[in-house]
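So the chains spell out like this:
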Amino acid sequence: MTPPVVDSPRHWLFGSAYYLRKDPERYVPEWGRRYGDLYMVRMPMIGEAMVVTSPDLARRILVNKASCYQRKSRSYGVLRILMGEGLVTSEGDLWKTQRKLVQPAFHPRRLDALFTMKAERVKAMVDELSATPSSNAIDLVPLLSRLTLDIISRAMFSSDSQGMARDVSHHIATLNEWALRALRHPWLLLLPRKIPLPGSTDMRQALQELERIVTGIIRERRAHPGDHDDLLTMLLAACEEESGRGMSDAQLRDEVMTMYVAGHETTANAMAWILYLVSTHPEVEARLHAEIDANFPEGTPRLEDLASFPYVRQVIDESLRLYPTIWSVGRCCTEAHELGGYQIPVGTNVLIPTFHFHWSEDIWENARDFDPDRFSPDRRPPADSPNYFPFGAGPRGCIGNHFALQELMIMTILLCRHFRYRVEEGFKVEGELLITLRPKYGMRMVVTERTPQAPTKPSAAREALTCPYSGAQK
Ligand code: HEM
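Residues numbered from 1 in each chain as written. Predicted model: local features only at pLDDT ≥ 70, side-chain atom pairs only at ≥ 80, totals over all residues. Heavy atoms only, no water.

Enquirer: If you had to explain the overall build of the chain to someone new, which residues and values would you point to?
Expert: Broken down by element type, the chain carries 17 helices and twelve strands. The buried share of the chain, reckoned over its 474 residues, is 53%. The contacts of the chain with a sequence gap of at least 6 include a subset with a gap of at least 24, amounting to 74%. (Helix = DSSP H or I, 4+ residues; strand = E, 2+ residues; numbered from the N terminus. Buried < 20%, exposed > 50% of the residue type's maximum accessible area, 1.4 Å probe, protein only. Contact = heavy atoms within 4.5 Å.)

The structure is reproduced here in structure tokens:
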């Protein structure tokens, strides 16, 4: 038996996908109620896709039956142009080997070494904002994108090649723009290659330049390893246990590109949504400011200070629930199997809409309310909850989750300590579902400086708290 096909309204060109994208808040829950845990929608660019709305079945696809699925949609085709055969786009044995090689670079202990650099970069942005007149609204999305790109760049190449790394960031931004256009208008990709698409010349030039720069940095580093504490050093040193083989220059380049692309827009968009939610919920904002002001140390925060900001972490977790920047996970079945009583044939496209689980009234009370207390120590869902997975689940879950959470903590603490944010009057904030859930028209906000209350020493009660970032006892 195959899952039922939705008799939903169909757009003449984009089929059911048109409605899912246009008003996911309405159609995802509505179709889930009407058609159950598994149902098929028609997407002309992909064909049929099976939507999974049962936590148990989603978990089986992502975790238990992960080996029966691959990432093969047209969106990954776009990403492959940018990332080659890096972790996001590779499959099978190549992915398995690469994941093993790259994983140690993202171990939380390794990431601690990057903490000071991240805090300094955020502080530099705070200084830049302070120097900007506060009465005019600014779009925070490009600003945050620049910040996260700067951070991933320094994390990757430390400080020795920052001139070149700045060029990498510039070209990555060009590629990102091209990818967004391609994802917004996927039919453009169906046109014959001879027809020049808008921005495709820039895209090709950016790719060529990136190839040249990144390969140059890799060769230079191989020839003169020096003493660097960055991700590239870890990737260069990584080798397979049995054969002792490391990555080729081409594979390294693909992983570097993958981290750049996967590691900046996701975090920038998540931060934009956090500031939006905080700015529109004064009672949350007041608690957040109180915690930040009471615990902010002398100078710039250090890694160990993060444990003093449990409410900041709750705000981040709750924001990722309401605005999961990777809003859905797509897979294609490569090995027929049974799921929930249905036979899933090879070639079935699967769509797991993360926000369905995050917004479900069956799972969360008053699901659409922004309530960071859902993540207080006594209420927060377990780490492997099938109902909350902003970083995915199973073997292909996000390798950069600790990196991102650490960065979001630092950004939230510093950006909210120094400024108050208000959406520009009359500005429409709306989500756009591309690969990431991004603010469709940007995030125009009036940013005004605030005077933090004087820092106080941590209280005895606070000292007993568990670190919200690492889970370790403070
Ligand atoms: C708030 C920020 C972020 C969010 C919400 C996020 C979310 C996700 C999700 C949901 C997946 C799994 C997708 C799937 O199963 O198909 C994923 C995969 C991945 N993410 Fe992230 N991510 C974030 C930040 C980062 C950062 C900072 C990096 C790297 C520096 C990164 C690198 C990756 C990579 C390489 C994969 C593919 C892993 C694999 O297939 O083995 N992400 N991310």
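Enquirer: Help me get a handle on the environment of Leu434, residues and values and all.
Expert: Residue position: Leu434 is located in the loop between strand E10 (431-433) and strand E11 (437-439). Along the chain, Leu434 and Arg181 lie 253 residues apart, while their C-alpha atoms are 9.9 Å from each other.

Enquirer: Account for the site of the ligand, naming residues and giving values.
Expert: The environment of the ligand is formed by 29 residues, the closest being Arg71, Trp95, Arg99, Arg331 and Cys398. In this structure, Arg99 approaches the ligand through a side-chain N or O atom, which is 2.7 Å from an oxygen atom. Measuring from an oxygen atom of the ligand, one finds a side-chain N or O atom of Arg396 at 3.0 Å. At the level of elements, helix H5 (92-102), helix H12 (249-279), strand E5 (328-333) and helix H16 (401-418) are the ones that each hand at least two residues to the shell around the ligand. At seven residues, the largest contribution of residues to the shell around the ligand is made by H12. Classifying every residue of the shell around the ligand by side-chain character gives 17 nonpolar, eight polar and four charged. (Near = heavy atom within 4 Å. Polar contact = N/O pair within 3.5 Å; in protein donor to acceptor, adjacent residues only side chain to side chain. Nonpolar A, V, L, I, M, F, W, Y, C, P; charged D, E, K, R; others polar.)

Enquirer: Talk me through the nonpolar core; I want residue IDs and the actual numbers.
Expert: In terms of nonpolar packing, the biggest core is built from 117 residues, with Phe106, Met156, Tyr260, Phe403, Leu415 and Tyr421 touching the most fellow members. In terms of residues, this core owes the most to one element, H12, which gives 16 residues. Residues Cys333, Val350, Ile352 and Ala393 belong to the second largest nonpolar core, which totals 20 residues. (Core = buried A, V, L, I, M, F, W, Y, C linked by side-chain atoms within 4.5 Å.)

Enquirer: Give me the side chain of Glu291: which residues, what numbers.
Expert: Its place among the elements puts Glu291 in helix H13 (residues 282-295). Under the relative-accessibility criterion, Glu291 is labelled buried at 13%. Excluding residues that lie within four positions of it along the chain, Glu291 makes contacts with Ser308, Phe309, Pro310, Tyr311 and Val312.

Enquirer: Describe the pattern of salt bridges, naming the residues involved and giving the relevant values.
Expert: Taken as a whole and assessed by the stated rule, the structure comprises 31 salt bridges. The salt bridge involving Asp373 is made with Arg287; its shortest N-O contact spans 3.0 Å. Of the two residues, Asp373 sits in the loop between helix H15 (354-359) and H16 while Arg287 sits in helix H13, which places them 86 residues apart along the sequence. A relative accessible area of 24% means that Asp373 is categorised as partly exposed. With a relative accessible area of 42%, Arg287 lands in the partly exposed category. Among the ionic pairs, Glu304 bridges to Arg302, the shortest N-O distance being 3.9 Å. Through salt bridges with shared partners, a single network forms among Arg121, Asp150 and Arg154. (Salt bridge = Lys/Arg side-chain N within 4 Å of Asp/Glu carboxyl O.)

Enquirer: Can you tell me about the sheet that holds strand E9 (residues 419-423), naming the residues and giving the values?
Expert: The strand order across the open sheet built from three strands is E4-E12-E9, with neighbouring strands paired in antiparallel fashion. Each edge of the sheet is formed by a strand with only one pairing partner; in this case those strands are strand E4 (137-139) and E9. Averaged over all pairs of adjacent strands, the angle between their axes in this sheet comes to 45 degrees, without regard to strand direction. Sheet topology places E4 next to strand E12 (residues 444-449); three bridges connect them, and they run antiparallel. (Pairing = 2+ DSSP bridges. Axes fitted to C-alpha atoms, helices over the stretch in contact; angles between N-to-C directions.)

Enquirer: Residues and numbers for the packing of helix H1 (residues 15-22) against helix H2 (residues 24-35), please.
Expert: Interhelical geometry of H1 versus H2 gives an angle of 120 degrees and a closest axis separation of 5 Å. Considering the angle they form, H1 stands oblique to H2. On H2, the residues touching Ser16, Tyr19, Leu20, Arg21 and Lys22 of H1 are Pro24, Tyr27, Val28 and Trp31. Broken down by class, the residue content of the contact of H1 with H2 amounts to six nonpolar, one polar and two charged. (Parallel < 35°, antiparallel > 145°, perpendicular 65-115°, else oblique.)

Enquirer: Which residues make up helix H14 (residues 310-322), and what values do they have?
Expert: Every α-helical turn comprises 3.6 residues, leaving residues that sit three or four positions apart pointing alike. With 13 residues, H14 extends 19 Å from end C-alpha to end C-alpha; this agrees with the ideal 18 Å at 1.5 Å per step. Most of H14 is tucked away: 13 of the 13 residues are buried. (Expected span 1.5 Å × (residues − 1).)

Enquirer: Break down the packing of aromatic side chains for me, with residues and values.
Expert: Taken as a whole and assessed by the stated rule, the structure comprises 15 aromatic pairs. Taking the centre distance of 4.9 Å and the plane angle of 55 degrees together, the rings of Phe375 and Tyr388 count as tilted. On the criterion of sequence distance, the pair formed by Phe375 in the loop between H15 and H16 and Tyr388 in the loop between H15 and H16 is long-range, its members being 13 residues apart. The structure contains a cluster of three or more aromatic residues connected by ring pairs, namely Tyr27, Trp31, Tyr35 and Tyr39. It is Arg321 that lies over the ring of Trp364; its NZ or CZ is 5.1 Å from the centre. The residue whose ring lies beneath Arg368 is Trp359, and the NZ or CZ to ring-centre distance is 4.0 Å. (Phe/Tyr/Trp six-rings, centres within 6.5 Å; stacked < 30°, edge-to-face > 60°. Lys NZ or Arg CZ within 6 Å of the ring centre and 35° of its normal.)

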